Structures are given as C-alpha cells and as structure tokens.
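Examination of the molecular architecture
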Amino acid sequence: MNLVGIGYDVHRFAENRALILGGVNIPHTHGLDGHSDADVLCHAIADAILGAIGERDIGHHFPNTDPECKGMSSLEIVRRAVELVTEQGGRLNNIDCTLIAEAPKIGPHLEAMKSKLAAVLSLEPKRVGIKATTNERLGFLGRQEGIAAMAVASVELP
Ligand SMILES: [Zn+2]
C-alpha cells in the first residue's frame with residue numbers, strides 16, 4: 001500500500017544561534033529559534049513521514065517540554081520517524097521538500113543536505129528532493145523573519 005504524508009514547519013530567526021538546515025551547519029547572520037536545533041527542514045520531513053503512516057506529529061513524539069529534546073540534532077527526529085516506518089514493516093519511497101527563505105542562499109549547500117538526509121532516510125540521494133525558493137519579499141518570510149519548509153513523503157507499507 002502506497003501512502004503519502006505532508007509536513008510544514010516554520011521557525012523564526014534568532015541571534016546567536018547556529019543555522020542548521022537538513023543537518024548541515026550553514027553560515028549566516030542568524031540561526032533559527034527553537035527547543036531543538038530548530039532544523040526546520042528536518043521537522044517538515046519528519047512530520048511528512050509521520051503523517052504518511054498515520055502517526056501523530058513531531059510535537060507529540062518530541063515535546064518541547066522534554067529536556068532530552070533540548071538542543072538535540074533534528075536528524076535524530078527524522079531517524080526516529082523512519083524507525084516508526086520500519087517498525088510497521090514499511091519503507092520510504094522518496095521525500096520531496098521545499099525551503100522558503102530570502103536568505104541565505106541554499107544552493108551551495110544542497111548536495112551536503114541531500115547526502116546527510118539520504119543517509120538518515122536510507123534513501124538514494126536521488127530520492128531526496130530539496131528545492132529552495134524565496135517568498136518574493138512578501139510577508140514574514142519576505143521580511144527575513146524566519147524560514148519555512150514544506151515536505152511530502154511517500155511510504156510503502158505492507
Ligand atoms: Zn520545527
């Protein structure tokens with residue numbers, strides 16, 4: 001049975017934080033605010049996977065009141081979502097996602113993000129789609145107040 005899930009996340013920029021996207025540290029004037037490493041891309045991907053297999057969202061599985069989640073790498077959150085697929089006897093087919101940010105430029109980091117995510121997702125890098133777009137300077141994303149990410153996951157369950 002082929003199932004799909006959707007994920008969306010947004011984090012605001014904050015000073016004195018590292019910017020981590022897809023598990024990759026990206027040099028920028030600001031990082032993202034959050035309880036974990038605030039990796040907005042990983043969060044959207046994890047939610048897409050959880051949605052595909054009918055699980056509750058990452059806020060349920062990784063509550064931001066849990067001290068164990070504080071500062072944790074969000075690649076671990078993705079890894080846990082993949083484990084839940086495996087526990088149901090399933091496997092991922094592919095992931096596709098879009099980052100929405102005016103800055104920084106994502107292009108130079110895409111391949112690094114793909115290979116990090118592919119390893120955690122147990123997918124070929126070709127099965128991990130990552131696109132980046134701006135918000136045409138419109139709204140909160142256009143004012144560079146944060147970064148948003150959307151993701152879909154396709155899962156094969158027995
Ligand atoms: Zn998040």
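A quick note: this is a predicted structure, and the numbers were derived from the prediction, not measured.

1. A short note on the overall build of the chain
Helix and strand content of the chain: five helices and seven strands. Along the chain direction, N to C, the helices and strands of the chain fall in the order β-β-β-β-α-α-α-β-α-β-α-β. Relative to the 2.2 N^0.38 estimate, which gives 15 Å for 158 residues, the radius of gyration of the chain is 15 Å and therefore close to what a compact globule would have. When the 158 residues of the chain are sorted by exposure, 50% land in the buried category. Once local pairs closer than 6 in sequence are excluded, the contacts in the chain between residues at least 24 apart make up 73%. Of the roughly 8100 Å² of accessible surface on the chain, a fraction of 51% belongs to carbon and sulfur atoms. For the chain, the distance from the average position of its 15 positive side-chain charges to the average position of its 20 negative side-chain charges is 5 Å.

2. Some thoughts on the pairing of strand β1 (residues 2-14)
Relative to strand β7 (residues 146-156), β1 runs antiparallel, the two being bridged by 11 bridges. Within β7, the position partnered with Ile6 by the bridge is Val152. Looking at chain direction, β1 and strand β4 (residues 31-32) are connected through two bridges and run antiparallel. The partner of Ala14 across the bridge, within β4, is Gly31.

3. Thoughts on the coordination of the zinc ion
Within the first shell, the zinc ion binds the protein through Asp9 (OD), His11 (NE2) and His43 (ND1), at distances of 2.0 to 2.1 Å. Taken in chain order, the donor set of the zinc ion reads D-x1-H-x31-H. Here the residue His11 occupies a position in strand β1, and His43 occupies one in helix α1 (residues 40-52), the gap between them amounting to 32 residues. Both residues of the pair, His11 and His43, count as buried.

4. Observations regarding the pattern of salt bridges
A full pass over the atoms with the stated rule returns five salt bridges. Among the ionic pairs, Lys131 bridges to Asp96, the shortest N-O distance being 2.8 Å. One end of the pair, Lys131, is in strand β6 (residues 128-133); the other, Asp96, is in strand β5 (residues 91-100), and 35 residues separate them in sequence. The exposure class of Lys131 is partly exposed, given its relative accessible area of 36%. Salt bridges sharing partners connect three or more residues here, namely Arg80, Glu83 and Glu87.

So, how was this worked out
- Throughout this description, residue numbers start from 1 for each chain and increase along the sequence as written.
- Residue-level local features of this predicted model are given only where pLDDT is at least 70; pairs of side-chain atoms are given and counted only at 80 or more, and the full residue set underlies all totals for whole chains, interfaces and linings.
- In computing side-chain values, all of the structure's heavy atoms are included and hydrogens and water are not.
- Labels follow the DSSP assignment, with helices taken as runs of H or I lasting at least four residues and strands as runs of E lasting at least two, numbered in each case from the N terminus.
- In this description the radius of gyration comes from C-alpha coordinates, and the expected globular size is given by 2.2 Å times residues to the power 0.38.
- Each residue gets one of three labels from its accessible area relative to the maximum for its type: buried under 20%, exposed over 50%, partly exposed in between, using a 1.4 Å probe on protein chains only.
- Note on definitions: a residue-residue contact is assigned when non-hydrogen atoms from the two residues lie within 4.5 Å.
- Methods summary: accessible areas were calculated by the Shrake-Rupley approach with a probe of 1.4 Å, and residue burial reflects only the protein chains presented.
- For the purpose of counting charges, residues Lys and Arg are taken to be positive, whereas Asp and Glu are taken to be negative. His and the chain ends are not included.
- Note on charges: their place is set at NZ of Lys, CZ of Arg, CG of Asp or CD of Glu.
- Any two strands are treated as partners once DSSP identifies two or more bridges connecting them.
- Note that water is not among the atoms considered, so a metal site may appear incomplete; the donors listed are N, O and S atoms within 2.8 Å of the metal, with 3.2 Å applied to Na, K and Ca.
- Whenever a carboxyl oxygen of Asp or Glu lies within 4 Å of a side-chain nitrogen of Lys or Arg, that contact is scored as a salt bridge.

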